[in-house]
Amino acid sequence: MPAPSDTQPPDTAASPTFAADDRLVAVAAGMEVPSEVHEQVSSEKPVLEIDSFNLWYGQKQALHRITMPIPECKVTALVGPSGCGKSTLLRSVNRLNDLVQSVRISGDMRLNGDSIYDRGTDVIELRKRMGMVFQKPNPFPMSIYENVVYALRIDGERNRGVLDEVCERSLRGAALWDEVKDRLADSALGLSGGQQQRLCIARAIAAEPEVLLLDEPCSALDPIATGKVEDLIQELRGTYSVLMVTHNMQQASRTSDYTAFMYLGRLIEYGPTTEIFTKPILRETEAYVTGRFG
Amino acid sequence: MITGLLVFITMRGLATFWPVPLEAFQLADDRTLLGEVTDRERIANDDGPPISRLLVRVDNYELTGQHYEWVDDTAVVNIEQPAWATAVERLEGGRFHGTPQTFYEDGEPAAEGPEATWNRFTAVHPQVRSRYWQARGIDKHDRGRVQRELRAARLAVVQADLDRGQDSPTYAAAVAAETEIQRRAAEEVRRFDEQTAALRDENARYEIGFVTADGIDVRMPVADIVRGWQPNRLSWSGKLAVYLDRWQEFLVDDPREANSAGGVFPAIWGTVAMTLIMAVFVAPFGVLAALYLREYASSGPITSAVRIAINNLAGVPSIVYGAFGLGFFCYVLGAGIDELFFEASLVADNQPVFGTGGLLWASLTLALLTLPVVIVATEEALASVPNSMREGSYACGAGKWQTIRRIVLPRALPGIMTGLILAMARGAGEVAPLMLVGVKKLASDLPIDGVFPFIHPEREFMHLAYLIYDVGFQSPNSQAARPMVFTITFLLVAIIAILNIAAVWIRGRLRRRFETQQF
Ligand SMILES: Nc1ncnc2c1ncn2[C@@H]1O[C@H](COP(=O)(O)OP(=O)(O)OP(=O)(O)O)[C@@H](O)[C@H]1O
Ligand SMILES: [Mg+2]
């Protein structure tokens, strides 16, 4: 899906440098600014590389030339004001945006070196290599057990032993096993919201994905359930590569290794979480993460 | 409004079979009437206050020439309820009201007086009835079987002629087989004649004599009597027994007397079978069409045109569907099937098999008629499946069809069932198109029976809704049949209700499985 060339942004490398204060103003004025990407990010081995990615909803551009590597086996948090394109970026990674008719894109992403937007890419196979958890829990109208093994079922797995094992491993991984182990055959819709969200996480990790995409996984949960899901993300670190959208700065600082700050469809600053929260390059970033923004 | 309608139908329908007291009216003109009071009204009187009058069900049609008579209050001298007044349901000629007088065996009086006569009658009647049923069974089943064998042999001859010509050995063999079967059939028919004659002769020995309220003696064979009762003598439980007996006959027997008496079993069967077959056809087609429209067709002018067309189909008068069913299913599809597979029947006696109305064609016609209902309901059900679920499924790596089959359809199932329920309710009460495509006033052979191949979807059938029309408005004595109309209507409503309750129950079970919990 090549974009018309007249809407292509100018080459950022040649752009003049801006005074730190003016960056967001410049972005709002429609100008292009370079992203500040900390050194340490590029030293990590990336599992997912986003490469000059642009996306349009109809005439409206929602993502502007996003270039960011996502490190392997680390938790990367995406933060930014509402409507800045975090969900859009996440949904672009597993090509869920293909389902939206008006979407056009340019640029590419690579999952462990395999192009995501190449013409020859099998979208179904690609999605099987990723897991996604949505803002609102969306368990399927079936039993808890079937929810967890859904990805295997659609692959035609029938071996009860394999399914049982995956089910238990995923539910344990999602810290839900003890609560539901006696009612696996019950409808998943009878679980509480927090349990449903952890079930969705279990479903997402059942097929051992290469990347886990979490879109505000705690936004519909109470503090206790949120705490459980955060603990869970902590445990997943090291095993899975996680890309997580969040609006909660404490959550980002507690759970993530890297944090990316987005604004109006641009990547503004991206670096290790400790640096972003304690000594960011840009004052805008500091203002946002400390809540003095806008 | 609806409740009032249903209560009215239910009350009238349930009351039909309850034994009502028989009252003897002594009139000023010296006549005496014996009958049930069925109605009461006040009419204007030119000179004086309005007078009230009664509608009395007198029956004894062969004597009185009418089933009902209006009696002015002023003309009545005396009213009483004679203990032995008896109502008798006969096989033919409608009901009879009178007092039992004499019981005859072999033409000789065997008992005199109401009580003795009636005791004798109740003792003999069950055996007489069972002999009657035996004879009828022979007439219907055994003779029917012989007729079918003869016809099959005849068709085999014609088929052999068509396939191989008259000079072929096959033809000769078929002719020989037919001759053999004819010989055997003649033998069997002779045996049947003997058996039925014996049964009927035995039954003819018993006769019962009644005297009417006007003192006329009437003698009738016991075998002609379906049942008799003395409502004035009966206790409450005795009345209940008569009531239940009449309901039982109504539900499980074939109709008698131009459908105005007896049972309606073939019509119940036809209604239920047709509705279910219709549902079996309309469900997959409707769901597939809706799936295509909602999930696969890209939204464009063509899709909207199809949608508009479907909505318009829902507004087409149902008789138009009947005409289409007759023209397309019977005369095109049916005739085509006949030409391919039943040529012999056409050649032998020009009798179409599928080329005329029948259960299958009627069900298909109604399936067509109710298709828009199912499509629209299914589309709505599909649209109500939240997008988040589809996305969740896609994100797991499911394809489109997998998502539809595993997530969307199960979620939409209750809504689809609702559409099907509406379709069934609409289809079961439809009469106009059915009259063109296979519903008959009387069709004693059910489309399913013990005769190979057991299911005969080409057969014509009876339907309760059509029976209402036929009994209520086409019957020679429509007033006498009027209570039946209410009973049949009640039954039709009850059957539709039962079908719907069953469907609602299934839907409820499905829904419980997919119940969404909000938090
Ligand atoms: N299907 C769509 N069609 C058109 N525009 C869309 C669509 N989805 C999102 N957008 C627009 O794209 C922009 C980015 O939306 P997105 O949902 O990615 O924001 P977000 O950063 O996730 O916000 P939030 O934090 O509120 O979830 C918004 O301006 C939104 O209006
Ligand atoms: Mg979002």
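Refer to the preceding data block for the structure.
First, a word on scope: everything that follows refers to the structure included in this document. (Residues numbered from 1 in each chain as written. Chains lettered and ligands numbered in written order. Predicted model: local features only at pLDDT ≥ 70, side-chain atom pairs only at ≥ 80, totals over all residues. Heavy atoms only, no water.)

### Quick word on the overall build of chain B
In step 1: Broken down by element type, chain B carries 15 helices and 13 strands.
In step 2: For 519 residues, the compact-globule estimate of 2.2 N^0.38 gives 24 Å, and chain B exceeds it by more than 25% at 30 Å.
In step 3: Referenced to the eigenvectors of the C-alpha coordinate spread, the extents of chain B come out at roughly 90 × 80 × 45 Å.
In step 4: In the structure as shown, chain B presents an accessible area of about 25500 Å², 59% of it carried by carbon and sulfur atoms.
In step 5: Across chain B, the 48 positively charged side chains and the 59 negatively charged ones have centroids separated by 11 Å. (Helix = DSSP H or I, 4+ residues; strand = E, 2+ residues; numbered from the N terminus. Rg over C-alpha atoms; globule rule 2.2 N^0.38 Å. Areas by Shrake-Rupley, 256 points an atom, 1.4 Å probe, with all protein chains shown as cover. Lys, Arg positive; Asp, Glu negative; His and termini not counted. Charge placed at Lys NZ, Arg CZ, Asp CG, Glu CD.)

### Observations concerning unusual backbone geometry
Residues and elements named next belong to chain A.
In step 1: For serine 52, which is not glycine, the phi dihedral falls at a positive 45°.
In step 2: In this structure, serine 52 sits in strand E2 (residues 46-57).
In step 3: Classification of serine 52 by relative accessible area gives partly exposed; the value is 21%. (Buried < 20%, exposed > 50% of the residue type's maximum accessible area, 1.4 Å probe, protein only.)

### Some remarks on the interface of chain B and chain A
In step 1: Contact with chain B, which involves 22 residues of that partner, is made by 29 residues of chain A.
In step 2: In total, about 2100 Å² of surface goes out of reach between chain B and chain A, with carbon and sulfur atoms giving 62% of it.
In step 3: Our count for the contact surface shared by chain B and chain A stands at one salt bridge.
In step 4: Between glutamate 391 of chain B and arginine 91 of chain A there is a salt bridge whose closest N-O contact spans 3.0 Å.
In step 5: Applying the counting rule to chain B against chain A returns four residue pairs in polar contact (both at pLDDT 80 or more).
In step 6: Of all the elements in the fold, those that place two or more residues in the side of chain B that touches chain A are helix H11 (387-395), helix H12 (400-428) and helix H15 (478-514) of chain B.
In step 7: The leading source of residues in the side of chain B that touches chain A is H11 of chain B, at seven residues.
In step 8: Of the residues contributing to the side of chain B that touches chain A, the split by class is eight nonpolar, nine polar and five charged. (Contact = heavy atoms within 4.5 Å. Buried area = accessible area lost by both parts, 1.4 Å probe. Salt bridge = Lys/Arg side-chain N within 4 Å of Asp/Glu carboxyl O. Polar contact = N/O pair within 3.5 Å; in protein donor to acceptor, adjacent residues only side chain to side chain. Nonpolar A, V, L, I, M, F, W, Y, C, P; charged D, E, K, R; others polar.)

### A few points about the nonpolar core
In step 1: Core analysis: the largest hydrophobic core is formed by 59 residues, its most contacted members being Phe250, Val264, Leu464, Leu467 and Ile488 of chain B.
In step 2: Among the elements of the structure, helix H5 (236-252), helix H6 (265-296), helix H8 (318-341), helix H10 (359-383), H12, helix H13 (432-437), helix H14 (464-474) and H15 of chain B are those that each provide at least two residues to this core.
In step 3: Once residues within four sequence positions are removed from consideration, isoleucine 488 of chain B is found in contact with Phe250, Val264, Leu464, Leu467, Ile468 and Val471 of chain B.
In step 4: In terms of nonpolar packing, the next biggest core, distinct from the first, is built from 38 residues, Ile105, Leu126 and Val211 of chain A together with Tyr394 of chain B among them. (Core = buried A, V, L, I, M, F, W, Y, C linked by side-chain atoms within 4.5 Å.)

### A closer look at the site of ligand 1
Residues and elements named next belong to chain A.
In step 1: Around ligand 1 sit 13 residues in total, of which Ser82, Gly83, Ser87, Thr88 and His247 are the nearest.
In step 2: The separation between an oxygen atom of ligand 1 and a polar main-chain atom of glycine 85 is 3.0 Å.
In step 3: Between an oxygen atom of ligand 1 and a side-chain N or O atom of threonine 88, the distance comes to 2.4 Å.
In step 4: When the free accessible area of ligand 1 is taken as 630 Å², the share hidden by the protein chains comes to 63%.
In step 5: Breaking the shell around ligand 1 down by element, the ones donating at least two residues are strand E3 (60-71) and helix H3 (86-93).
In step 6: Counting residues per element, the shell around ligand 1 draws most heavily on H3, at three residues.
In step 7: Broken down by class, the residue content of the shell around ligand 1 amounts to four nonpolar, six polar and three charged. (Near = heavy atom within 4 Å.)

### Let's talk about the pattern of salt bridges
In step 1: Within the structure shown, the criterion is met by 49 salt bridges over all chains.
In step 2: Here glutamate 49 of chain A ties to arginine 110 of chain A by a salt bridge, and the two come within 3.6 Å at their closest N and O atoms. With glutamate 49 of chain A in strand E2 and arginine 110 of chain A in strand E5 (residues 103-111), this residue pair connects regions lying 61 residues apart in the sequence.
In step 3: Using a relative accessible area of 27% as the deciding quantity, one classes glutamate 49 of chain A as partly exposed.
In step 4: The partly exposed category is assigned to arginine 110 of chain A, whose relative accessible area is 24%.
In step 5: Put simply, glutamate 379 of chain B and arginine 294 of chain B hold a salt bridge, and the shortest N to O gap is 3.3 Å. Residue glutamate 379 of chain B is located in helix H10, and its partner arginine 294 of chain B is located in helix H6; the two are separated by 85 residues in the primary sequence.
In step 6: Where salt bridges share partners, they join Glu89, Arg227, Asp245, Arg246 and Glu249 of chain B into one cluster.

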